[in-house]
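The lines below spell out each chain.
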Amino acid sequence: MSEATVTRRTLSVLVENAAGVLSQVSRLFSRKGYNIESLAVGTTDDPTVSRITIEVMADAAMTEQIMNQLRKQFPVYSVQELKPERSIRRELVMFKVRAETPDIRNEVIQIANIFRASIIDVSLKSLTLALIGDESKADAMQKLLEAFGILELVRTGMVALERGAYTIGDETKEQTEFNLGKNFL
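Residues numbered from 1 in each chain as written. Predicted model: local features only at pLDDT ≥ 70, side-chain atom pairs only at ≥ 80, totals over all residues. Heavy atoms only, no water.

With reference to specific residues and values, describe the overall build of the chain.
Per the secondary structure count, the chain includes five helices and nine strands. The linear arrangement of helices and strands in the chain, starting from the amino end, is β-α-β-β-α-β-β-α-β-β-α-β-β-α. By residue count, 37% of the 185 residues in the chain fall in the buried class. Within the chain, contacts between residues at least 6 apart in sequence are counted, and of these 71% link residues at least 24 apart. When the accessible area of the chain is evaluated, it comes to approximately 11,100 Å², of which 53% is carbon and sulfur surface. (Helix = DSSP H or I, 4+ residues; strand = E, 2+ residues; numbered from the N terminus. Buried < 20%, exposed > 50% of the residue type's maximum accessible area, 1.4 Å probe, protein only. Contact = heavy atoms within 4.5 Å. Areas by Shrake-Rupley, 256 points an atom, 1.4 Å probe, with all protein chains shown as cover.)

This is the structure we're talking about:
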């Protein structure tokens, strides 16, 4: 795959946890004409710092431009692209599904069990399920549940962390942790 190929890129951004920071970061994307595919924000272990996980369709040059522009922003502490092979990406998806009979309810519960989804609400006419996983898992479950009638669906957006002991603040990363076990003997 060429570096000029436009693909989904995941950026992890540490910012000051203050009013207006998210607006400032998202304005940067709209000024450059980039559409944000997914956006998730939350505080870190330090309540003065928030982590923004942004997914955008871009090639390597566009991604580098976005990261350089983000680094220039005053409330931004750190920016890193998370490579798929070196990161863990998950999103929460909640499905409210029509389940008006006991047989249908049982079928929906079986699907939930197969996908390791949680049943978080039960009523006489519907079930609400919560699933944590990557987009392919969520899409597969959604496709199966469509046959029953999805009443509502909500996705949180992707959150991601780098695999292993490294953190977003590490500037001296080495390949050795990711290659452990390869060519070992």
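Having put the structure on the table, let's press on.
Go over the pattern of salt bridges with me, naming the residues and quoting the values.
In a structure, side chains of opposite charge can pair up when their charged atoms sit close to one another. The full count for this structure, using the stated rule, is eleven salt bridges. In this structure, Arg8 engages Glu55 in a salt bridge whose closest nitrogen and oxygen atoms are separated by 2.9 Å. Taken as a pair, Arg8 in strand β1 (residues 7-16) and Glu55 in strand β3 (residues 49-58) lie far apart in primary sequence, 47 residues in all. Under the relative-accessibility criterion, Glu55 is labelled buried at 1%. Salt-bridge contacts for Arg89 lead to Glu55; the nearest nitrogen and oxygen are separated by 2.6 Å. Taken as a pair, Arg89 in strand β5 (residues 87-98) and Glu55 in strand β3 lie far apart in primary sequence, 34 residues in all. Residue classification places Arg89 among the buried positions, given a relative accessible area of 15%. A network of salt bridges, in which partner residues are shared, links Arg8, Glu37, Glu55, Arg89 and Glu135. (Salt bridge = Lys/Arg side-chain N within 4 Å of Asp/Glu carboxyl O.)

Describe in detail the packing of helix α3 (residues 102-114) against helix α4 (residues 135-145), supporting the description with residues and values.
Running from amino to carboxyl end, α3 crosses α4 at an angle of 170 degrees, the nearest separation of the two axes being 11 Å. Between α3 and α4, the angle is such that the two are roughly antiparallel. Along its contact with α3, which presents Val108, Ile111 and Ala112, the element α4 presents Met141, Leu144 and Leu145. Residues of the contact of α3 with α4, tallied by class, amount to six nonpolar, no polar and no charged. (Axes fitted to C-alpha atoms, helices over the stretch in contact; angles between N-to-C directions. Parallel < 35°, antiparallel > 145°, perpendicular 65-115°, else oblique. Nonpolar A, V, L, I, M, F, W, Y, C, P; charged D, E, K, R; others polar.)

How would you explain the nonpolar core if you had to name every residue and give the values?
One finds Leu11, Val13, Val25, Phe29 and Leu70 to be the most contacted residues of the largest nonpolar core, which totals 17 residues. Going through the elements one at a time, β1, α1 (21-32), β3, α2 (60-72) and β4 (76-82) are the ones with two or more residues in this core. When sequence neighbours within four positions are dropped, the list of residues in contact with Leu70 reads Leu11, Val13, Val25, Leu28, Phe29, Val76 and Val79. Within the second largest apolar cluster, 16 residues are counted, among which are Ala117, Leu129, Met141 and Phe148. (Core = buried A, V, L, I, M, F, W, Y, C linked by side-chain atoms within 4.5 Å.)

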